[in-house]
Amino acid sequence: MTETVRLTTAQALVRFLAAQYSERDGVEQRLIPGVWGIFGHGNVAGLGQALLQAATTGEADLPYYLARNEQGMVHSSVGFAKMRDRLQTFACTASTGPGSTNMVTGAALATTNRVPVLLLPSDVFATRGPDPVLQQLEDTRGGDVTVNDALRPVSKYWDRVTRPEQLIPAALAVVRVLTDQAETGAVTLCLPQDVQAEAADWPVEFFRKRVWHIDRPRPDTDTLARAAEALRGAKKPLIVAGGGVVYSQAMAALCDFAAATGIPVADTHAGKGAVPWDHPCAVGGLGSTGTKAANTLARDADVVLGVGTRYSDFTTASHTVFANPDVRFVNLNIARLDAAKHQASMLVSDARTGLEALRRELDDWQVEAAYRERARELAAEWARITDECYHADHGPLPAQTAVLGALNEVLDPRDVVVNAAGSMPGDLQMLWRASDPKAYHVEYAYSCMGYEVAGGTGVKMGDPSREVVVLVGDGSYLMMAQEIATMVSEGLKVIIVVVQNHGFASIGSLSDDLGSQRFGTRYRYRDAKSGLLDGGILPVDLAANAASLGADVIRAEGITEFRDAIARARAADTTTVVHIETDLYGPNPPGSAWWDVPVSQVADLDSTREAAATYAEHKARQRHYL
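Quick summary incoming for the structure in this document. Here the structure is a predicted model, which is why all the values come from computation and not from measurement.

We now examine the side chain of Lys-82. In this fold, Lys-82 is placed in helix H3 (residues 70–83). Comment: no salt bridge for buried Lys-82; closest opposite-charge side chain is Glu-443, at 7.1 Å. Within the local environment of Lys-82, its side chain forms a polar contact with the side chain of Tyr-247, the two groups lying 3.2 Å apart. Setting aside its immediate chain neighbours within four residues, Lys-82 contacts Val-115, Tyr-247, Lys-438, His-441 and Tyr-451.

Structure representation (structure tokens):
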């Protein structure tokens, strides 16, 4: 007879999650080391009670962490999972209604980045007894629709448990997707509030320790031979290193492959640091905000080897940076979706095993010496430009590039910089000198304003041994800064650099380029005469706001004070915010590629008509890679 134990659905889920492990290369770790949450009427008596009971009785090891915003706790989970190479993540519980819909943006970010996170949104009564309950959406198209259906399109797996016994197959499916390196992302398990508290008899076997083994798929022999043949015929090949290199821990394999073959390596945001910036084959970031070195090589490349990259429009400069009419692609990726892009020769494989196999196939081949030297010359020239940007003598307010330069020179190579949106990702991809793949943490698949502080919380939890430096502009800070209070309550030491320039620097500059004259991109009073937001600067004090959330604050004026402030922040043992004001208008690093943002085809403004003409010139160079 099967041994059972009587528990509520929520208690059973907590026990189950606490017993799940992932394993790769013989290293075993807890898959779900904890739960983020904010309690409301939808989960306080269900998952809330279950987590309290687990903590007080010791029946399950699943610590609870209190967030300040539901979107923020998903971002924190993503930051943690990225640091842990997608082998661990958190669960996130939210109450019915707005608490659950607040997680939609975080779910989209996780799925776009191919990073696992488990969402446990509360739902309305499965019995529909007190229908409609507080915060319930009444949909005239059907009684089974709730606000949690908004999470369907942004989740890699979505299910709703309307009976306790449904939890067993649903929970197993949830973990399958969380540990699937090719198909992972946000996983959503909707939990009606009455079902959470409903008791059932559960087989004890459901709660045994389970180890989910994450293998390293090897490339097919025939496809490997075709890929090697394509590279052997190349005169000007280029490697694009994406996040898959880092998640696979394939950095050493990539460095060895590049050194042996002499193929230059460009990187995406997710792949930066996979090859150290001073490696003889490293040429820096690629694409719309890439280096001139990488983009010059990309325009001439006849074969592109993409390793673990999803080829976003920023990477391809909206399908313009690979300009050779005969360019061919070889894509090494664990996901068939990405391996097939640009009609590539597909190497569906783990990045590390794939690179090692390709290295053996090309053991007697390398690029010509002249091409290798050309790549080094281009990289050296960009290094000179980077030094100029790092030490820009600009006033009265310093350039943002000088702030990055001071940081790059002061921080330890293992210190992690965290960023996501605004002008800083572009400057960072062009200029940041990363020697460690975990030291560069820029979320740019979704480029979500507000990710930085919350994501930095998860990054620090993912590796407490590292100094974590969150770079955030005033625009992103005002979107979501409240997780500073979470850092303080958890005793996490994080440095937050707030760059204040009174507006949206990135979109303001783009607006200028597109003929829209920075309209709506500056933080200003509304002018009574013009009716526009072009009056005086708003008296917003972000440093005072950070102090009110519990952080220590240092105000820096100029780069010299900023250097001293960072040194003081590194020596501190509490969350410290360093505030510095920079010039909204740059100067910016020199660009060398395009980004497709359509311009109005009909306009009365001269600035817009001029921008449209420039847009048409770039658009003519765009093409599909067939």
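We now examine the sheet that holds strand E17 (residues 345–348). Pairing between sheet strands relies on hydrogen bonds along the backbone, with the strands arranged either parallel or antiparallel. With parallel pairing, six strands are arranged side by side in an open sheet as E14-E13-E12-E15-E16-E17. The sheet is open, and its two edges are formed by strand E14 (282–285) and E17, each paired on a single side. Sheet twist, expressed as the average angle between the axes of neighbouring strands with direction ignored, equals 20°. Where strand E12 (residues 237–241) meets strand E13 (residues 265–267), three bridges bridge the pair, whose relative direction is parallel. By the bridge assignment for E13, Ala-241 is matched with Asp-267. Strands in contact with helix H11 (residues 292–300) are E12, E13 and E14; relative to E14, the strand with the most contacts, it is inclined by about 100°.

Before going further, it helps to examine the sheet that holds strand E2 (residues 20–24). Strand order in the open sheet made by the three strands is E3-E2-E11, with mixed pairing throughout. The outermost strands of the open sheet, each flanked by one partner alone, are strand E3 (27–30) and strand E11 (210–213). Between one strand axis and the next, the sheet turns through 30° on average, direction left out of account. Pairing geometry for E2 and E11, over four bridges, is parallel.

Quick look at helix H22 (residues 558–571) now. Taking 1.5 Å as the rise per residue, H22 with 14 residues should run 20 Å; its terminal C-alpha atoms sit 20 Å apart, in good agreement. Looking only at H22, the buried set comprises Phe-562, Ala-565, Ile-566 and Ala-569. In an axial view of H22, the angular spread of the buried residues amounts to 100°, which keeps them on one side of the axis. Set apart from the buried face of H22 by more than 90 degrees, the exposed residues are Thr-560, Arg-568 and Ala-571. Among the structural elements, helix H15 (400–410), strand E21 (495–500), strand E22 (552–556) and strand E23 (576–581) are those in contact with the buried residues of H22.

Quick notes on the rules
- Residues numbered from 1 in each chain as written.
- Predicted model: local features only at pLDDT ≥ 70, side-chain atom pairs only at ≥ 80, totals over all residues.
- Heavy atoms only, no water.
- Helix = DSSP H or I, 4+ residues; strand = E, 2+ residues; numbered from the N terminus.
- Buried < 20%, exposed > 50% of the residue type's maximum accessible area, 1.4 Å probe, protein only.
- Lys, Arg positive; Asp, Glu negative; His and termini not counted.
- Salt bridge = Lys/Arg side-chain N within 4 Å of Asp/Glu carboxyl O.
- Polar contact = N/O pair within 3.5 Å; in protein donor to acceptor, adjacent residues only side chain to side chain.
- Contact = heavy atoms within 4.5 Å.
- Pairing = 2+ DSSP bridges.
- Axes fitted to C-alpha atoms, helices over the stretch in contact; angles between N-to-C directions.
- Expected span 1.5 Å × (residues − 1).
- Arc of directions from axis to C-beta.

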